[in-house]
Amino acid sequence: MNNSMQLEINKKPNLIIVGNGMVGHHFVEQLVQLDASNEYQIIVFGEEAKLAYDRVHLSEYFTGKSYSELAMSDATYYDKNHIEYETNAKVVGINTVEKRIRLADDREFMFEKLVLATGSYPFVPPIKGHDRENTFVYRTLDDLDAIRECAKTAKTGTVVGGGLLGLEAANALKNLGLKTSVVEFAPRLMPVQLDEAGGGLLKNMIRALGVDVHVSKATTQIVDGEDAAHRMEFSDDSFLETDLILFSAGIRPQDSLARTAQLAVGERGGIVINDFCQTSHADIYAIGECALWEGRIFGLVAPGYTMAKAAAHHVVDRQTVAFTGADMSTKLKLLGCDVGSIGDAHQMTPSAKSVVYRDDFSNAYRKMIVSEDGTKLLGAVLVGDNSYYDTLLQYYLNGIALPENPQSLILPVSQGKPVGLGVDMLPANASICSCHNVSKQDIADAISAGSMDLAAVKTETKASTGCGGCSALLKKVVDNELLALGVEVSTDICEHFSYTRQDLYNLVKIDEIKTFNDLIHKHGRGRGCEICKPAVGNILASVWNDFVLKKEHVSLQDTNDRFLANMQKDGTYSVVPRIPGGEITPERLIVLGEVAKKYQLYTKITGGQRIDLFGATLSQLPLIWEELIAVGFETGQAYGKSVRTVKSCVGSTWCRYGVNDSMKMAIDIENRYKGLRSPHKLKFAVSGCTRECAEAQSKDIGIIATEGGWNLYVCGNGGMKPRHADLFATDLTDKQLVAYIDRVLMFYVKTADRLQRTSVWMEGLEGGLDYLKQVVIEDSLGIASELEAQMALIVDTFQCEWKTTIENPESRKFFKNFINSDGLDENVVFVEERDQIRPATDAEKNKLIATLA
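## Some points on the overall build of the protein chain
And step 1. When its secondary structure is counted, the protein chain shows 28 helices and 36 strands.
And step 2. For the protein chain, whose C-alpha radius of gyration is 30 Å, the value lies close to the compact-globule estimate of 29 Å for 853 residues.
And step 3. Looking at the protein chain residue by residue over its 853 residues, the buried ones come to 53%.
And step 4. As presented, the protein chain carries roughly 38400 Å² of accessible surface, and 49% of it is formed by carbon and sulfur atoms.
And step 5. Treating the 89 positive side-chain charges of the protein chain as one cloud and the 112 negative ones as another, the clouds have centres 3 Å apart.

In structure tokens:
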């Protein structure tokens, strides 16, 4: 922003927004939709160095997500919509009489309307020693950067506060490899959302994950420790030593600006607002966590978004939207544990009754609070399994009459699937997406206006683009609305097969179909396409494990599978040999270096503990494979929808913290599943203790050693939409572990959709994790032995596809530049990059240009 004058005069009056967090940015988006820039010069001041980013998923910054992935917009968005903005701009004063603000650098700006979106600040208890070195709060990216830097030299970390944010912070410390503890003043975790029984179960589940939990602890002072940087002394004369302390004991509304401007504030803080988010000054608004509506602060993003919409409409004189409160129900996954809280979770309603289901064996606790006559749901508490949450929330939000036996909504059923609520029973005003306040009617209107698929509805309404918790319900509503309009909701894989991927899998297996031609002749039509051919090729490989470059299969493969290597952007290929568990001998390491040097390949150590060789030409691939196979390497299948890596720490072999041999387990696991083709790529990890150095909880299959055996985690993944894995079973023997993994993987291969990651697959199962446990552990479908037998076939028929290729003259022909010659095309010039490699000469460039011409 160019501001040469202290008091800038614009042709249009200034609408100034103080605060550029999630709610402040959403207010800007609302103004853009209302074309407010026609009436106002919109100016945004943000105190942080970066534009608005997603604080809801802030902890993912520790698992590899960058600021750009968390960012809610960029400078281009603001510039395109004629919105001026400044970062690192702190507003320190408001003159309500002259209607101007003052910045920390003494610049001043007049305003016609002013919106305070200043959010909240972390509450740090006034404990003696709270400001010592290596004590932190958990609020901004700068906070997280400081925590990560400290964690590099720390061994232990402690979170003060066992609420929602505190457990998020504990998960962050655990992901950083620290031995983590949680200290909570209240007698249970998440005291606002959970009752005593639910909080107790959550505590036990989190302790089982290796996080120490201390409740009913009042810290009196923090002093030097003997074995760590700090000693936290408690009122009961006990203490805890730790290297890093993270305060997450709640938030307080950031209302200091309002106080200095003598705006009305609540007795316990918060800027008082009306239904249109106006403060005691009619031209000043407050939205989000800094605002106090009818004595309440709303600490979730969804109410803040609703406030932003109400304020934006009022600013442009459209008083059609009002803020009338918000539902504070929450569905969370904390440290991999499901937690849900709806409405009157503490049964405060007079004469209310409750229905409770508890199963300590499967770590499940569900409680419904119902009206005295049993017809209305007033609240609920869920710990251990949130698959019941969406149904209960709709009963609560929409006042739907409960069934004759309301306990059926939370009791397990024989199929392992919770009782659902048909979307056709939801009223038109039912809230489907609370983050963006999207109702069932809004979705119906979007479809009527031409949004005829799920993606289009998301774009039009923004439903499921916030926290994403409503995605499954949204799809059901969209499908239901399309069917009501007479639009067929197709589940066909493509125009050539009137079947889903699961249907095709069953047909291939039951009819013992071995080729694509046989399948399309018996059950399809036409010649196939780029959708069904790779999908069927994948299914055939999963069921029969046949060589993918056989004549009858080769045309089904995409480029990478076709050449058993990943094509790079310059037309060359990468070669990734398998290195099980990351363990490699010096002799093999030397050969990799020699091969890379011989063929002038760029080398990189990957995140999965393998070595990638880039820059091989098509004709070089078999030659490179021969040299690698000669010393014992085999294909790492980095090109396939298959098991990529099994990452491992060194475990009890070398590490003083290791409680089991994670290296041996990782190598055994990788060698067992290395030949499995699946709907999407698979990544595993094995950690030798709960310090979790192999990051097993972010993998499709994660294994963590404990004193009692192995804990198994399933269906996590990184990538575009990271997801923590769920704790599936604890204290398993080696035999139990392998059996459960066999069953989970083959059930996934059997039932998943094409190109579907395990995380999305499990979320799509009715009953989710609980259902998967029943299928795999309890064998509720009676298919456990079949799944194990299918995996045994895959294991027994493994072949190194590189080796099979170089031993097969017909297959080797695929890797020749010319059909009748082994020579190279001298007209092709690869221009090498990076500083250590010389650039192409002018002669080489001219030759390449002439060739292309």
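## Quick word on the pairing of strand 34 (residues 701-706)
And step 1. Taken across its six residues, strand 34 has six buried, putting it largely inside the fold.
And step 2. Residues Ile701, Ile703 and Ala705 line one face of strand 34 and the alternating positions Gly702, Ile704 and Thr706 line the opposite face, and both faces are buried.
And step 3. Relative to strand 34, strand 33 (residues 682-687) is paired through four bridges, and the arrangement is parallel. In the sheet register, Ala685 faces strand 34, and the bridge partner there is Gly702.
And step 4. As defined by bridge partners, strand 34 adjoins strand 35 (residues 709-714) across six bridges and the pair is classed as antiparallel.

## Brief notes about the sheet that holds strand 4 (residues 91-95)
And step 1. In space, the three strands of this open sheet follow the order 4-5-6, with antiparallel pairing throughout. The outermost strands of the open sheet, each flanked by one partner alone, are strand 4 and strand 6 (108-110). Going from strand to strand, the sheet's axes swing by 20° on average, the running direction of each strand aside.

## Examining the sheet that holds strand 13 (residues 219-224)
Within a beta sheet, neighbouring strands are joined by backbone hydrogen bonds and run either parallel or antiparallel to one another.
And step 1. Read across the sheet, three strands follow the order 13-14-15 without closing on themselves; strand pairing throughout is antiparallel. Edge positions in the sheet fall to strand 13 and strand 15 (239-242), since each of these pairs with one other strand and no more. On average, each strand axis in the sheet is tilted by 20° relative to the strand beside it, whichever way the strands run.
And step 2. As paired elements, strand 13 and strand 14 (residues 230-234) share five bridges and run antiparallel to each other. Residue pairing for strand 14: Asp224 is matched across the bridge by His230.

## Notes on the side chain of Asn20
And step 1. Structurally, Asn20 can be placed in the loop between strand 1 (14-18) and helix 1 (22-33).
And step 2. In this structure the side chain of Asn20 is engaged in a polar contact, spanning 2.9 Å, whose partner is the backbone nitrogen of Ala52.
And step 3. Within the structure, the side chain of Asn20 is placed 3.0 Å from the side chain of Tyr78, a separation counted as a polar contact.
And step 4. Once residues within four sequence positions are removed from consideration, Asn20 is found in contact with His25, Val44, Phe45, Gly46, Leu51, Ala52 and Tyr78.

## Side note on the confidence of the model for the protein chain
And step 1. Confidence in the prediction of the protein chain, expressed as mean pLDDT, is 86, and 91% of residues score 70 or more.
And step 2. When the elements of the protein chain are averaged for pLDDT, helix 28 (residues 842-852) gives the smallest value, 55, and strand 19 (residues 284-286) the largest, 97.
And step 3. Within the model, the stretch residues 1-9 combines pLDDT values under 50 with 20 contacts to residues more than four positions away or in other chains.
And step 4. Taken as a whole, residues 833-838 scores under 50 in pLDDT and shows four contacts with residues more than four places along the chain or in a different chain.

## Overview of the packing of helix 21 (residues 662-673) against helix 22 (residues 734-751)
And step 1. Where helix 21 contacts helix 22, the axes come no closer than 12 Å and their chain directions differ by 35°. With respect to the hand of their crossing, helix 21 and helix 22 are arranged in right-handed fashion. Judged by residue contacts, Met665, Ile669, Arg672 and Tyr673 of helix 21 engage Asp734, Leu737, Val738, Ile741, Asp742 and Leu745 from helix 22.
And step 2. A breakdown of the residues in the contact of helix 21 with helix 22 according to their chemical character gives seven nonpolar, no polar and three charged.

## Some details on helix 22
And step 1. Here helix 22 contains 18 residues, and its C-alpha end-to-end distance of 26 Å stays within 8% of the 26 Å for a straight helix at 1.5 Å per residue.
And step 2. Taken across its 18 residues, helix 22 has 14 buried, putting it largely inside the fold.

## What to know about the pairing of strand 32 (residues 643-648)
The side chains of a regular strand alternate, first on one face of the sheet and then on the other.
And step 1. The element strand 32 is extensively covered by neighbouring structure, given that six of its six residues are classed as buried.
And step 2. Taken together, the five bridges between strand 32 and strand 33 define a ladder with parallel strand orientation. Bridging from a neighbouring strand, Thr645 pairs with Lys683 of strand 33.

## As for unusual backbone geometry
And step 1. Phi angles above zero are rare outside glycine, and Ser216 is one such case at about 55°.
And step 2. Secondary-structure assignment places Ser216 in the loop between strand 12 (212-214) and strand 13.
And step 3. By relative accessible area, which is 45% here, Ser216 ends up partly exposed.
And step 4. Residue Glu692 is not a glycine yet carries a positive backbone phi of 65°.
And step 5. Locating Glu692 in the fold gives a position in the loop between strand 33 and strand 34.

## Quick word on the packing of aromatic side chains
And step 1. Throughout the structure, instances matching the rule amount to 17 aromatic pairs.
And step 2. Pairing Tyr77 with Tyr78 gives two aromatic rings, centres 5.8 Å apart and planes at 80°, and the pair type is edge-to-face.
And step 3. With relative accessibility at 0%, the residue Tyr78 sits in the buried group.
And step 4. A connected cluster of aromatic rings, assembled from ring pairs, spans Phe563, Tyr573, Trp625, Trp802 and Phe815.
And step 5. For Lys50, the ring lying beneath its charged end belongs to Tyr67, and the centroid distance is 5.6 Å.

## Comments concerning the side chain of Ser542
And step 1. Among the structural elements, Ser542 can be located in helix 15 (residues 532-544).
And step 2. Leave out the neighbours within four places in its chain, and Ser542 touches Arg677, Ser678, Val749, Gln790 and Ile794.

## Points about the environment of Val489
And step 1. Mapping Val489 onto the fold places it in the loop between helix 12 (471-484) and helix 13 (501-510).
And step 2. The exposure class of Val489 is partly exposed, given its relative accessible area of 27%.
And step 3. Once the C-alpha coordinates of Val489 and Asp236 are considered, the two residues, 253 residues apart in sequence, prove to be 63 Å apart.
And step 4. The contacts of Val489, once residues within four sequence positions are left out, are Asp479, Leu482 and Leu483.

## Comments concerning the nonpolar core
And step 1. The biggest cluster of nonpolar side chains holds 92 residues, and the ones touching the most others in it are Phe27, Ile101, Leu116, Ile287 and Leu392.
And step 2. In terms of residue count, the dominant contributor to this core is helix 8 (residues 301-315) (eight residues).
And step 3. Dropping the residues within four chain positions of it, Ile287 is found in contact with Val23, Phe27, Val115, Leu116, Ala117, Cys277, Met307, Ala308 and Ala311.

## Describing the environment of Glu788
And step 1. On the secondary structure map, Glu788 appears in helix 25 (residues 784-796).
And step 2. Note: C-alpha distance between Glu788 and Met746 (42 residues apart in sequence) is 7.7 Å.
And step 3. When sequence neighbours within four positions are dropped, the list of residues in contact with Glu788 reads Ala739, Asp742 and Arg743.

## Description of the packing of helix 10 (residues 440-448) against helix 11 (residues 454-461)
And step 1. One can describe the packing of helix 10 onto helix 11 by two numbers: an axis separation of 10 Å at closest approach and a directional angle of 115°. The angle between helix 10 and helix 11 falls in the class roughly perpendicular. When the axes of helix 10 and helix 11 are compared, the crossing they make is right-handed. On helix 11, the residues touching Asp442, Ile443, Ala446 and Ile447 of helix 10 are Val457, Glu460 and Thr461.
And step 2. Its residues placed into classes, the contact of helix 10 with helix 11 shows four nonpolar, one polar and two charged.

## Here's the deal with the state of the cysteines
And step 1. Taken as a whole and assessed by the stated rule, the structure comprises zero disulfides.
And step 2. Of all cysteine sulfurs, the one in Cys693 lies closest to Cys150, which takes part in no disulfide; the gap is 17 Å.
And step 3. Since its relative accessible area comes to 10%, Cys150 is described here as buried.
And step 4. Among the cysteines around Cys290, which has no disulfide bond, Cys277 carries the closest sulfur, lying 9.6 Å off.

Conventions adopted
Residues numbered from 1 in each chain as written. Predicted model: local features only at pLDDT ≥ 70, side-chain atom pairs only at ≥ 80, totals over all residues. Heavy atoms only, no water. Helix = DSSP H or I, 4+ residues; strand = E, 2+ residues; numbered from the N terminus. Rg over C-alpha atoms; globule rule 2.2 N^0.38 Å. Buried < 20%, exposed > 50% of the residue type's maximum accessible area, 1.4 Å probe, protein only. Areas by Shrake-Rupley, 256 points an atom, 1.4 Å probe, with all protein chains shown as cover. Lys, Arg positive; Asp, Glu negative; His and termini not counted. Charge placed at Lys NZ, Arg CZ, Asp CG, Glu CD. Pairing = 2+ DSSP bridges. Axes fitted to C-alpha atoms, helices over the stretch in contact; angles between N-to-C directions. Polar contact = N/O pair within 3.5 Å; in protein donor to acceptor, adjacent residues only side chain to side chain. Contact = heavy atoms within 4.5 Å. pLDDT = per-residue confidence, 0-100. Left-handed = near helix turned anticlockwise from the far one by under 90°. Nonpolar A, V, L, I, M, F, W, Y, C, P; charged D, E, K, R; others polar. Expected span 1.5 Å × (residues − 1). Phe/Tyr/Trp six-rings, centres within 6.5 Å; stacked < 30°, edge-to-face > 60°. Lys NZ or Arg CZ within 6 Å of the ring centre and 35° of its normal. Core = buried A, V, L, I, M, F, W, Y, C linked by side-chain atoms within 4.5 Å. Parallel < 35°, antiparallel > 145°, perpendicular 65-115°, else oblique. Disulfide = S-S within 2.5 Å.

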